[in-house]
Amino acid sequence: MSTTVSRGALWLEKLAPNATRLSGLCPSVQAVDGNVNGEAVRFIAVVPDANNHYPRAAKGEVGLLEGWTLAKVVSETVAADANNSVKRPIIAVIDVPSQAYGRREEAFGIHQALAGAAAAYANARLAGHPVIGLIVGKAMSGAFLAHGYQANRLIAFNDSGVLIHAMGKESAARITLRTVEALEKLAATIPPMAYDISNYATLGLLSELLNISNPDAPSDADLAQVQSTLHQAINDARQDTTLKNRLGADNRRSSALVRERMKASW
């Protein structure tokens, strides 16, 4: 296995130092058992694998192997805790630059693999597992939908290296028939079009935005802050398995109104 260092791999190690990786997984999906405030938790990250069987997923993208492996890890966690009254928290450490784009991925059903991962996370949340998404780097396109977006709570670092969007800038520019420069100008006035985390935060999807001194070389204080925030998020998630907490921001007012009117109609 050949991997390069990513924020996902870095923070997985920081949060569960020297923990043994779960066996039987593809090299690009790493899962470890650690703890938060003394409580057993399972951490999961997607990391780069230069020797990935699918080259389009060599740099940390979520592809066929990653989607099905995430589904396997999460589903096995749910099954293992089926008879336990208190379910283990699952923490998705998120640094995913994209879903894997390629002819083989499309032909072999990447949509099913990523949907399987998303469904597994949703099932875990609905089964009572606190699912927390910790966004330490990029959270882009279908990769984010498959790995972390179904979390009860989303926590992100307030850092220029944290980017969240449905697609990369070049792709979005092509789809909207604009240049990248024109797209960035438009994004300055329309928060959902923006890539930076500060604009994303205005959409109400984050439970916390953390100021970390150096996400690539965290201090003991940084780690303590993340651990404390994860602990609080786990407690909050145990009170509610839905995602209604994401509708409170001013920029989601219309979304909340649509839901209210649909509920009244039904």
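Refer to the preceding data block for the structure.
Rules and cut-offs
- Residues numbered from 1 in each chain as written.
- Predicted model: local features only at pLDDT ≥ 70, side-chain atom pairs only at ≥ 80, totals over all residues.
- Heavy atoms only, no water.
- Helix = DSSP H or I, 4+ residues; strand = E, 2+ residues; numbered from the N terminus.
- Rg over C-alpha atoms; globule rule 2.2 N^0.38 Å.
- Buried < 20%, exposed > 50% of the residue type's maximum accessible area, 1.4 Å probe, protein only.
- Contact = heavy atoms within 4.5 Å.
- Areas by Shrake-Rupley, 256 points an atom, 1.4 Å probe, with all protein chains shown as cover.
- Phe/Tyr/Trp six-rings, centres within 6.5 Å; stacked < 30°, edge-to-face > 60°.
- Lys NZ or Arg CZ within 6 Å of the ring centre and 35° of its normal.
- Expected span 1.5 Å × (residues − 1).
- Arc of directions from axis to C-beta.
- Axes fitted to C-alpha atoms, helices over the stretch in contact; angles between N-to-C directions.
- Parallel < 35°, antiparallel > 145°, perpendicular 65-115°, else oblique.
- Left-handed = near helix turned anticlockwise from the far one by under 90°.
- Nonpolar A, V, L, I, M, F, W, Y, C, P; charged D, E, K, R; others polar.
- Core = buried A, V, L, I, M, F, W, Y, C linked by side-chain atoms within 4.5 Å.

**A word on the overall build of the protein**
Point 1. When its secondary structure is counted, the protein shows 10 helices and seven strands.
Point 2. Taking 2.2 N^0.38 as the reference for a compact globule, 266 residues should give roughly 18 Å; the C-alpha atoms of the protein span a radius of gyration of 18 Å, in line with that estimate.
Point 3. Overall, the C-alpha framework of the protein stretches about 45 × 45 × 40 Å when taken along its three principal axes.
Point 4. Taken over 266 residues, the protein has a buried fraction of 50%.
Point 5. The contacts of the protein with a sequence gap of at least 6 include a subset with a gap of at least 24, amounting to 71%.
Point 6. Approximately 12900 Å² of the protein is accessible, and the part contributed by carbon and sulfur atoms is 52%.

**Some points on the packing of aromatic side chains**
Point 1. The full count for this structure, using the stated rule, is two aromatic pairs.
Point 2. Measuring from ring centre to ring centre gives 4.9 Å for Trp11 and Phe157, while their planes differ by 65 degrees; the resulting arrangement is edge-to-face. A residue pair is termed long-range when its members are at least 10 positions apart, and Trp11 in helix 1 (residues 7-15) and Phe157 in strand 5 (residues 153-157) qualify at 146 residues.
Point 3. One residue, Arg246, lies across the ring of Tyr149, its end atom 4.6 Å from the ring centre.

**Quick notes on helix 9 (residues 220-237)**
Residue pairs three or four apart in sequence face the same way in an α-helix, which turns once every 3.6 residues.
Point 1. For helix 9, with 18 residues, the first-to-last C-alpha span of 26 Å sits near the 26 Å given by 1.5 Å per residue.
Point 2. Among the residues making up helix 9, those that are buried are Asp222, Leu223, Val226, Thr229, Leu230, Ala233, Ile234 and Ala237. Buried residues of helix 9, viewed axially, fall in a sector of 140 degrees; they line one side. Residues of helix 9 that are exposed and point over 90 degrees away from its buried face: Asp220 and Ala221.

**As for the packing of helix 2 (residues 64-80) against helix 4 (residues 110-126)**
Point 1. Where helix 2 contacts helix 4, the axes come no closer than 8 Å and their chain directions differ by 20 degrees. By the criterion of interaxial angle, the relationship of helix 2 to helix 4 is roughly parallel. The element helix 2 and its partner helix 4 pack so that their crossing is left-handed. Judged by residue contacts, Leu64, Gly67, Trp68, Leu70, Ala71, Val74, Ser75 and Val78 of helix 2 engage Ile110, Gln112, Ala113, Leu114, Gly116, Ala117, Ala120, Tyr121 and Ala124 from helix 4.
Point 2. Partitioned by chemical class, the residues of the contact of helix 2 with helix 4 number 13 nonpolar, four polar and no charged.

**With respect to the environment of Ile212**
Point 1. Tracing the backbone shows Ile212 in the loop between strand 7 (208-210) and helix 9.
Point 2. Spatially, the C-alpha atoms of Ile212 and Asp222 are 5.8 Å apart, while their sequence positions differ by 10 residues.
Point 3. Setting aside residues no more than four positions away along its own chain, Ile212 makes contact with Trp11, Phe157, Asp222, Gln225 and Val226.

**Quick notes on the packing of helix 1 against helix 9**
Point 1. Helix 9 packs onto helix 1 with a crossing angle of 80 degrees between their chain directions and a minimal axis gap of 11 Å. Overall, the two elements helix 1 and helix 9 adopt an arrangement that is roughly perpendicular. Judged by residue contacts, Trp11, Lys14 and Leu15 of helix 1 engage Leu223, Val226, Gln227 and Leu230 from helix 9.
Point 2. Its residues placed into classes, the contact of helix 1 with helix 9 shows five nonpolar, one polar and one charged.

**Details of the nonpolar core**
Proteins that are soluble and globular tend to have nonpolar side chains buried together.
Point 1. Residues Trp11, Phe43, Ile91 and Ile135 are the most contacted members of the largest nonpolar core, which totals 70 residues.
Point 2. Here this core takes seven residues from helix 4, the largest share from any one element.
Point 3. Here Ile135 is in contact with Ile94, Phe144, Leu154, Ile155, Ala156, Phe157, Val162, Ile164 and Leu206, once residues within four sequence places are set aside.

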